Amino acid sequence: MAEMKTIGVVGGGQMGSGIAQLGVVHGFQVWLLDQDPQALARSADYIAASIRRLVSKRALSQAGGDDALRSLHCTSSLEELRSSDFVIEAIVESEDVKKQLFRDLDKIVKPSAVLASNTSSISITRLASATTRPHQVVGMHFMNPPPVMKLVEIIRGADTSDETFTITKTLAQRFGKTVVCSQDYSGFIINRILMPMINEAFHTLYTGVATKEDIDAGMKLGTNQPMGPLELADFIGLDVCLSIMRVLQAGLGDSKYAPCPLLVQYVDAGRLGRKRGIGVYDYR
Ligand code: CAA
Ligand code: NAD
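As annotated in an unreviewed UniProt entry, the chain carries the name 3-hydroxybutyryl-CoA dehydrogenase and comes from Eucalyptus globulus.

Next up, the structure:
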């Protein structure tokens, strides 16, 4: 296994920013790309502020913080990712858009590189089919927020090689994460279990069983979770939750995965959660 030095991260939203931060803090050169220049600028600011906070908390030395900041390279050109040893995509949760990105990356990135997806639910096997290197395609699913959460779920597509799995696991461990491994079925482990709970919380609200505050306080205090399910949905992004429910419904073929009409309506209304300032709750 060749030494890994350079990581490409595509998508500088909540997940891509956190993943790029992990990369630079753990000694990698990171090329971060977003198609939206404003999102890219926000991402760079977020990473710089997080690194400064780590330095001020003495979780990172001043020299380590400076090195990390120097290791971050922001770009809007996919060509710049050509020398990456490992690319992680964290763009919108859409199979078609992700497939097009994998097709493009496959042409640009060196043949030995691994192409990983941070998808929450989409088939790794199908994403891999857009490339000429399906044995080097893998799911590397970070939890939100990536710098804080201790888990990475690795998903093996039908053709993911043992070497690709080992490289991915080693990288996750260098980031200080614990790894669980899932076979490639819709939602994998985490979202197959988490999203129906969140969807049920929407049904509980939709059918008037309780207020949003009582649903969240009940689940938070009653089952010892750091956030109630509706607060967590806002944190994840309601668009992401809806996309995952649709993948579960289509992939597992059971009506129990049908998204709650209230979740659909909020997304239609642009109430996407914290990132938009309004979701189930109003943060403005
Ligand atoms: N980036 C970096 N660091 C962050 C952060 C972020 N976005 N948010 C919080 N932190 C750090 C803080 O700096 C703080 O660090 P110190 O303890 O060293 O000071 C620590 O995390 C705790 O933060 P806060 O005190 O501000 O807030 P908190 O105690 O309320 O914790 C939380 C915030 C970690 C997000 C916590 O509420 C939590 O664990 N929530 C549940 C998150 C969760 O379930 N995530 C998984 C979602 S599912 C998923 O990700 C998969 C999918 O595909 C949808
Ligand atoms: P986000 O909306 O915060 O960010 C997505 C970013 O990707 C945006 O900045 C957008 O401009 C950019 N983008 C979209 N299409 C692009 C393209 N073709 N090329 C380059 N950039 C592009 O989304 P997010 O919450 O960070 O989620 C990203 C991925 O991570 C999704 O697949 C999601 O399912 C997964 N994920 C999300 C969470 C979560 O809690 N939000 C947790 C784990 C995994």
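That was the structure; now back to the text.
Undergrad: I keep staring at the UniProt feature "binding site: CoA" (unreviewed entry) in the chain and nothing clicks. Help me out?
TA: Feature annotation in UniProt assigns "binding site: CoA" (unreviewed entry) to the following positions: Ser50, Lys57 and Ser120. The greatest C-alpha distance among the residues just named is 31.3 Å, and with 71 residues of sequence between them they are spread in space as well. Taking relative accessible area as the criterion, lysine 57 reaches 57% and is therefore assigned exposed. The exposure class of serine 120 is buried, given its relative accessible area of 12%. Residues in contact with serine 120, not counting those within four places in the same chain, are Glu93, His141, Gly187, Phe188, Asn191, Val240 and Ile244.

Undergrad: What is the right way to read the sheet that holds strand β7 (residues 151-156) from this model?
TA: Two orientations exist for strands paired in a sheet by backbone hydrogen bonds: parallel and antiparallel. Across the sheet, which stays open at both edges, the eight strands sit in the order β3-β2-β1-β4-β5-β6-β7-β8 with mixed pairing between neighbours. Bordering the open sheet on either side are β3 (72-75) and β8 (178-183), each of which pairs with just one other strand. Between one strand axis and the next, the sheet turns by 25 degrees as a mean value, whatever way the strands run. Of the strand pairs in this sheet, strand β5 (residues 114-117) and strand β6 (residues 137-142) are connected by three bridges, and their pairing is parallel. By the bridge assignment, leucine 115 is partnered in β6 with valine 137. Together, β2 (29-33) and β3 form the strand contacts of helix α2 (residues 37-56), whose direction differs from that of β3 by roughly 170 degrees.

Undergrad: Would you explain the site of ligand 1 in this entry?
TA: Ligand 1 sits among 18 residues. The nearest are Tyr46, Lys57, Ser120, His141 and Asn144. Contacts to ligand 1 include asparagine 191, whose side-chain N or O atom sits 2.8 Å from an oxygen atom. Elements that contribute at least two residues to the shell around ligand 1 include exactly α2, α7 (190-206) and α9 (229-236). For the shell around ligand 1, the element with the highest residue contribution is α9, accounting for three residues. Across the shell around ligand 1, the residue classes break down as twelve nonpolar, four polar and two charged.

Rules and cut-offs
- Residues numbered from 1 in each chain as written.
- Chains lettered and ligands numbered in written order.
- Predicted model: local features only at pLDDT ≥ 70, side-chain atom pairs only at ≥ 80, totals over all residues.
- Heavy atoms only, no water.
- UniProt positions renumbered as here; feature names shortened; annotations may be inferred.
- Buried < 20%, exposed > 50% of the residue type's maximum accessible area, 1.4 Å probe, protein only.
- Contact = heavy atoms within 4.5 Å.
- Pairing = 2+ DSSP bridges.
- Helix = DSSP H or I, 4+ residues; strand = E, 2+ residues; numbered from the N terminus.
- Axes fitted to C-alpha atoms, helices over the stretch in contact; angles between N-to-C directions.
- Near = heavy atom within 4 Å.
- Polar contact = N/O pair within 3.5 Å; in protein donor to acceptor, adjacent residues only side chain to side chain.
- Nonpolar A, V, L, I, M, F, W, Y, C, P; charged D, E, K, R; others polar.

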